[in-house]
Amino acid sequence: DKSSELRPTHPLAVAPVVAPAASVDGFTKQFLQNLNFDQGVTLSTSDVNDQYLALAYTVRDYLMARWFDDRAKQKTQQAKTVCYLSAEYLLGRQLDNNLLAARLTDIATEALAQCGIDFDAVRAVEIEPGLGNGGLGRLAACFIDSLATMSVPTIGYGIRYEYGIFRQSFADGQQIEQPDAWTRMGSPWDFAHPEAAQTISFAGHTETYDDEGVTRSRWIPEWNVLAVPYNMMVPGYHNGRVNTLRLWRAVATNAFDLHTFNSGDYVESVRAQTFAENISKVLYPEDSTPQGKELRLQQQYFFVAASIADFIENVLPDDFDLEKLPERVIFQLNDTHPVIGVPELMRVLVDEKKLEWDAAWAITQKCFAYTCHTLLPEALEVWPVDLLGRLLPRHLEIIYRINDDFLLEVRERFGDDEMLIRNMSIIGEHPSRSVRMAYLATVAGSKVNGVAELHSQLLRDNVLKDFAQMWPDKFTNVTNGVTPRRFLRLANPELSALITEALGAGWTVDLERLRGLEALADDADFRERFAAVKASNKRRLSRVLEARGEAPLDDGHLLDVMIKRLHEYKRQTLKVLHIVSTYEGIVSGRLDVDAVQPRTFLFGAKAAPGYGMAKRIIHLINAVGDVVSADERVQGKLKVLYPANYNVTLAESIIPAADLSEQISLAGKEASGTGNMKLALNGALTIGTDDGANVEIRKLVGDDNFFLFGMSEPEVEALWAEGYRPADFYQEDGELRRAIDLIASGAFSDGDRSVFEPLVSNLLYDDRFMALADFRSYLDAQDRVDAAYADQDAWVRSAILNVARSGYFSSDRAMRDYLDRIWHATPIS
Ligand code: 6GP
């Protein structure tokens, strides 16, 4: 038989794949080979992008053998796999992270030097894959890093958007968006597998049929698209493990629209293909405020259906008994975006695998868990019933059935309380019939978690109150975390070296060890070295800014940073009011300019392109910055910097340099925040409200090392209930009045009062996020900041204590909490 003839016999063909020698010579050889044979250039004819790509291929070559092993194990092992379903992964640059994980940084540095190549120039050409908007996407990236580092079998599933989050620039201070063609110069970190594509269907109708005496449903779809997987390596830190991030790209099936084609309109029939490929074309740039567009639902179903099919068909062994599915997988729903996976798994189990409904539902409920990342009511996704029914008719039927069964259960438990039934129904009736995805996720999920203690409590008390009463044990909290590899070890090499010298190297995977720094906070020599690192990081940031054509940083300035998406609830406007008020104080003579603490206010933020108010706030920040930075009366004491296109890469330069971290959302609105953790971990002190994870940061670092201000969440509620009138605060506070009047007067818009009028009247007559109510308290806290900064020794001590006490905010700890409380999975060797 022919198959025996074709068995491999060559020794190399049957040997396991091995990595190249981990030496400078081995690395150099591999690198030059990749330059020659993959890039098709010699060293002398190569340009910096060739060098970057060849270097990336070389790093891959070292990780490859372990990746093969770990993927093979996934089939044979009995361990449970975490399938993280997320529409966003905000990965940041890969090169340095992967070198670090594979212990290749020093070898690569030496190898490139021996090739006469400037490593920093090579690093600089990498375009980060910006496949996410903000916190939710970056969290997913931190989580998969931690899971790999902890040797937990994991597949991250998502979408390979052709265009990630837009590139931001400013024209006359206003945001301009440009498409982010991140793969334009090559994408060396992912591997396309068109042969492993899944066919994903849409639209059409459903019908019932007789299946040997059983009436079953089936879906007759109208059109298909191929989901082509792109695999990326997710290397663990120094543990040899390589997990997989599998991102799906939409490609048209080769089934042309035959009717159009035969009618002779070739061009029209090709257009049908581009229609299908639109699905993975672009990341929706909305953050915390979904638009409810049909294409978005297509994206969600597309990646979730492909992922579930992939896991069942390709990751599980053949003939796997699906009753045992919960032993082998947990699908973690990163917010509501992947929740359509719930009816999809039901459809697969009931329609395709022919399981009984009840058995399928029991399996499904154990296979999903849901993380909520917001509290804003407008951020909870709902899909109009007619839209969902048109695109996914069978799924709508399944959702109705899930809802019927669920409401029956509610009646059994709580009686015929029609109000309660209406409030809890997965189908909302007002303003029009729609599917409430958060409710579907809550009903289906084995667990529901918020992302900080306060947030989880508010979910239980408000947003999902009825559900929490029905199923108290379903609800839990896992406070977010950030990866110490990227956000301390890579972003802050000098502080990392100082910490390693003091505590040994183990802190990178056991961040609680930073506690050991507490004792050193009282050591004058250590404080001096810590301060020297901060100063050096400021110089580094200054060089980065200059290279981008921005103003450099001034010596002796307190660096005050607010980096996060532009959103009204985050209250960048409150920050602007502080700046304008200080400026107004100087120019009016109320403040003695010689006594003012020099400060640089640094903003980094993108606004959703359709979010008018957020874009006006960007304009205001830039306008205020131009005037304040240039006014001679200020004598250079206040500078405002707003580098365009804030992203992960820029964050890695800003965070280590920051002195003060602005976390000033209205209490009860920021689910957690993770920038707050990164900044504290790098020795910035926080000025913040009692919101999100700030609450936990303050508890851990101590009141003396945190500047708390503003209303608490219950106080916010009370003021709303009483009737909030922002104009009253304006009338009563002279400084606030003068700051707002200055903006209204046209002082920042060449005398044109109309430019910021909508913003001013919004503050005075609406102010949903109560900036005016917290203004006085905020300014008082800023005075405390200035006073504290004047005592540098005490400030540095506080900064060290912030680092020492932030170990809890490692995403490794967060992953342990998920494993224990939600996933019931364990690391494997
Ligand atoms: C964000 C939350 O706003 C932020 O507070 C949190 O730290 C982060 O998620 C990670 O949990 N939410 C989003 O980015 C979002 O799109 C729907 O929520």
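Residues numbered from 1 in each chain as written. Predicted model: local features only at pLDDT ≥ 70, side-chain atom pairs only at ≥ 80, totals over all residues.

### Things to note about the overall build of the protein chain
Alright, step 1. A tally of regular secondary structure across the protein chain gives 35 helices and 25 strands.
Alright, step 2. Taking 829 residues into account, the globule formula puts the C-alpha radius of gyration at 28 Å, and the protein chain, at 28 Å, falls close to it.
Alright, step 3. Oriented by its inertia axes, the alpha-carbon framework of the protein chain measures out at about 90 × 75 × 60 Å.
Alright, step 4. The buried share of the protein chain, reckoned over its 829 residues, is 48%.
Alright, step 5. For the protein chain, the proportion of contacts with a sequence separation of at least 24, taken over those separated by at least 6, is 76%. (Helix = DSSP H or I, 4+ residues; strand = E, 2+ residues; numbered from the N terminus. Rg over C-alpha atoms; globule rule 2.2 N^0.38 Å. Buried ≥ 20, exposed ≤ 12 C-beta atoms within 10 Å, placed from the backbone. Contact = placed C-beta atoms within 7 Å.)

### Section: helix α3 (residues 24-37)
Alright, step 1. A rise of 1.5 Å per residue sets the reference length of α3, with its 14 residues, at 20 Å; its end C-alpha atoms lie 20 Å apart and thus fit the reference within 8%.
Alright, step 2. Among the residues making up α3, those that are buried are Phe-27, Gln-30, Phe-31, Asn-34 and Leu-35. Down the axis of α3, the buried set is contained in an arc of 135°. They therefore lie on one face.
Alright, step 3. Looking at the buried positions of α3, the neighbouring elements they touch are α4 (48-76) and α6 (105-114). (Expected span 1.5 Å × (residues − 1). Arc of directions from axis to C-beta.)

### Details of the site of the ligand
Alright, step 1. Around the ligand, 18 residues are found, and the nearest of them are Gly-135, Leu-136, His-373, Ala-671 and Ser-672.
Alright, step 2. Looking at the shell around the ligand residue by residue, the classes come out as five nonpolar, ten polar and three charged.
Alright, step 3. Both domains that furnish three or more residues to the shell around the ligand are identified here as domain 2 (77-93 + 128-480 + 816-823) and domain 3 (487-809). (Near = placed C-beta within 6 Å. Nonpolar A, V, L, I, M, F, W, Y, C, P; charged D, E, K, R; others polar. Domains from an automatic or database assignment.)

### Overview of the pairing of strand β23 (residues 660-663)
Along any regular strand the residues' side chains alternate between the sheet's two faces.
Alright, step 1. Burial of the side chains of β23 extends over both faces: Leu-660 and Glu-662 are buried on one face and Ser-661 and Gln-663 on the other.
Alright, step 2. Where strand β20 (residues 558-563) meets β23, two bridges bridge the pair, whose relative direction is parallel. Within β23, the residue paired with Asp-560 across the bridge is Leu-660.
Alright, step 3. Note that the unit made of β23, helix α27 (residues 675-681) and strand β24 (residues 685-688) has a crossover that is right-handed. (Pairing = 2+ DSSP bridges. Right-handed = clockwise from strand over helix to strand, strands pointing away.)

### A look at the domain arrangement of the protein chain
Alright, step 1. Partitioning the protein chain into structural domains gives domain 1 (1-76 + 96-127), domain 2 (77-93 + 128-480 + 816-823) and domain 3 (487-809).
Alright, step 2. For domain 1 and domain 2, the distance between their C-alpha centroids amounts to 34 Å.
Alright, step 3. Contacts between the two partners involve 21 residues from domain 1 and, on the opposite side, 22 residues from domain 2.
Alright, step 4. Listing elements by their share of the side of domain 1 that touches domain 2, those giving two or more residues are α4 and α5 (95-101).
Alright, step 5. With 14 residues, the single largest contributor to the side of domain 1 that touches domain 2 is α4.
Alright, step 6. Class assignment for the residues of the side of domain 1 that touches domain 2 results in eight nonpolar, four polar and nine charged.

### Comments concerning the nonpolar core
Alright, step 1. Counting residues in each nonpolar core, the largest one holds 228 residues, and the members touching the most others are Cys-83, Phe-302 and Leu-440.
Alright, step 2. With ten residues, the single largest contributor to this core is α4.
Alright, step 3. Those residues within four positions of Phe-302 in sequence are excluded, and the remaining contacts are Ile-200, Val-225, Ala-227, Trp-248, Ala-250 and Ile-279. (Core = buried A, V, L, I, M, F, W, Y, C linked by C-beta atoms within 7 Å.)

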